[in-house]
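Coordinates in review
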Amino acid sequence: MDINKFAKTFPGKLVIIDDGRGVAFVAAPLPRKWEMPPQLISLWVEAKEVLGELRGTARTLPDPALLLRPLGQREALRSSSLEGTYATPEELLAYELNPRDPMSTKDPANPWREVFNYQRALELGCVLADKGVPFSERMIRQIHNRLMIGVRGEDKNPGELRDTQVHVGAGRRFTPAPPEHLKALLAEFDRDTQHITNIDPLVRALMVHYQFEAIHPFRDGNGRVGRLLLALMIYKHCEFDKPWLYLSEFFDNHRDDYIDALFNVSANGDWARWIELGLLATIETSRNTVQRIRKLMELKDEYEERVREFGGRDRLMHIIPLLLSSPIIVFKDLMETLDVTYPTARGDMAALEKMKIVKDLGSHNRPRMFISEEIFNLAYSDD
């Protein structure tokens, strides 16, 4: 890590590591007070307004759970992409229908399992937050354990703090604190996250995300856990009924800015640029999410009309919510959802194909899979 990139004053300290051959950054506690820079006030007001619009739109939905799942899946895909783990939405959805453990390090199921685990970690985080578990070392350990079980990096002790020095980025651009500092840093992290402050909740969540990344408490998976923590804090502290806002897609699209903004908080205390980027992410992502929700609801109404006009298959109305939640389905899904036999499910799937609600993904898939392309494109395509 290049100490010349650090200003004379910065929020932390540098300590010697590697027998004097390098330095590491030990983060200072988060500020308990912070004034919004004048140049960011209008952006902050806009962010608050779009958050309100997203909350209002979400509250009008008859069944919010239908759209929460694809949003969570998008978050899993893009947050994992930031760490170099790539999977397509089709691969993720197909894997969910038939999950399996990877057979080797070259098994294509490796990235699928990692993204799948991200979803499971998000679900666990929501359960913990809803139960009142504070944002703390206790929570992040449980989330990390769920994230890392059964994937590449499992040897890096899921749920356990690192006991070795790690480096981040090409050329060891950033070196977080040595392991002997973690206990004190995380005790302070707990105090920071649970301290009552007048700092805006969204701004505070962004600050906590930075702090977690600066501490980097695990050998692997820190970026993903940190972005999960950010989404959960926004959910619980920004007056949402459910976790509707995820910022990883924006950060993935602007990853150089994201990395630079986080580093510059450590190097020179430039909170303004990091908060500005977080506000921009909030505005763009909230607006895109509102539009995605509205278009999916319009498509839901259109599909219901197709079923009504088709005649004789009214029970297929119950499949439309399933498709909104998971646009790739198999015969078993129809059998369970509609409580029908396999021959009846085959007839119902054929009717859905005639209505152009689903199409066969191809006979090479076992079990045979069918996709609602219109829902899939709205839910998973980039804006």
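The shown structure was predicted, so the numbers you read here are calculated from the model rather than taken from an experiment.

Quick look at the sheet that holds strand β5 (residues 370-371)
Sheet architecture is open: 3 strands sit in the order β3-β5-β4, paired in antiparallel fashion. With one partner strand each, in any of the chains shown, β3 (328-329) and β4 (359-360) form the two edges of the open sheet. Judged from the 2 bridges that link them, β4 and β5 form a sheet pairing that is antiparallel. Paired with D360 across the bridge in β5 is F370.

Digging into helix α14 (residues 342-354)
Between its terminal C-alpha atoms α14 stretches 18 Å, which fits the 18 Å expected from 13 residues at 1.5 Å a residue. What α14 keeps buried is the set A345, D348, M349, A351 and L352. The arc enclosing the buried residues of α14, seen along the axis, measures out at 155°, which places them on a common side. In this structure, α14 carries P343 and K354 as exposed residues pointing more than 90 degrees from its buried face. Here the buried face of α14 lies against α11 (271-310), α12 (319-325), β3, α13 (331-338) and β5. Residue K356 follows α14 closely and has a positive phi angle near 60°.

Looking at the environment of A281
Its place among the elements puts A281 in helix α11. Placed 20 residues apart in sequence, A281 and A261 show a C-alpha to C-alpha distance of 13 Å. Contacts of A281, omitting those with residues within four sequence positions, involve L247, F250, F251 and S286.

A look at the confidence of the model for the protein chain
Interpretation of this model should avoid reading the predicted coordinates in detail wherever pLDDT is low. In the predicted model, the protein chain carries a mean pLDDT of 92, and the fraction of residues at 70 or more is 98%. Across the protein chain, element-level confidence peaks in helix α7 (residues 201-215) with a mean pLDDT of 97 and bottoms out in helix α3 (residues 89-97) with 86.

Some words on the packing of α3 against helix α4 (residues 109-130)
One way to put it is that α3 packs onto α4 with a least axis distance of 10 Å and a crossing angle of 80°. As far as their axial angle goes, α4 and α3 are roughly perpendicular. Every residue of α4 that contacts α3 at E91, L92, Y95 and E96 is listed here: A109, W112, R113, V115, F116 and Q119. Tallied by class, residues from the contact of α3 with α4 come to 6 nonpolar, 1 polar and 3 charged.

Some words on the pairing of strand β2 (residues 22-27)
Here β2 lies mainly inside the structure; 6 of its 6 residues are buried. Where burial is concerned, the two faces of β2 agree: the one with G22, A24 and V26 and the one with V23, F25 and A27 are both buried. With 6 bridges connecting them, strand β1 (residues 12-17) and β2 associate as antiparallel partners. By the bridge assignment for β2, V15 is matched with A24. Between the end of β1 and the start of β2, which pair antiparallel, lie 4 residues, with D18 showing a positive phi angle near 55°.

Remarks on the side chain of S248
Within the element layout of this structure, S248 appears in helix α9 (residues 248-253). Among the polar contacts made by the side chain of S248, one reaches the side chain of E75 at a distance of 2.7 Å. With near-sequence residues (within four places) excluded, S248 lies in contact with E75, R78, S79, L82, Y118 and R227.

A closer look at helix α2 (residues 65-82)
End to end, α2 covers 26 Å across 18 residues, agreeing with the expected 26 Å (1.5 Å per residue, within 8%). In the segment just after α2, G84 is the residue with positive phi, at about 85°.

Cut-offs and rules
- The residue numbers shown here count from 1 along each chain, following its written sequence.
- The model is predicted, so local features are restricted to residues of pLDDT at least 70 and side-chain atom pairs to those at 80 or more, both for listing and for counting; the totals for chains, interfaces and linings are taken over all residues.
- Side-chain numbers come from the whole structure's heavy atoms, not from hydrogens or water.
- A strand pair is defined by DSSP finding two or more bridges across the two strands.
- Elements are defined by DSSP. Helices are runs of H or I of four residues or more, strands are runs of E of two residues or more, and each kind is numbered from the N terminus.
- Expected helix span is given by 1.5 Å per residue-to-residue step, counting one fewer step than there are residues.
- Relative accessibility under 20% of the residue-type maximum defines a buried residue, over 50% an exposed one, and the middle range a partly exposed one, all with a 1.4 Å probe and only protein chains included.
- The arc in question is the one spanned by the directions pointing from the helix axis to the C-beta atoms.
- Contacts between residues were defined by any pair of non-hydrogen atoms, one from each residue, lying within 4.5 Å.
- A residue's pLDDT is the confidence the predictor assigns to it, expressed on a 0 to 100 scale.
- To obtain an axis, a line is fitted to C-alpha atoms, over the contacting stretch when the element is a helix, and the angle between two such axes runs from 0 to 180 degrees between their N-to-C directions.
- With respect to orientation, any angle under 35 degrees is reported as roughly parallel, any angle over 145 as roughly antiparallel, any angle of 65 to 115 as roughly perpendicular, and every other angle as oblique.
- All amino acids are sorted into three groups, where Ala, Val, Leu, Ile, Met, Phe, Trp, Tyr, Cys and Pro are nonpolar, Asp, Glu, Lys and Arg are charged, and the leftover types, Gly among them, are polar.
- Two N or O atoms count as a polar contact when they lie within 3.5 Å, although within protein this holds only if one can serve as hydrogen donor and the other as acceptor, and sequence-adjacent residues are included solely when both atoms are side-chain atoms.

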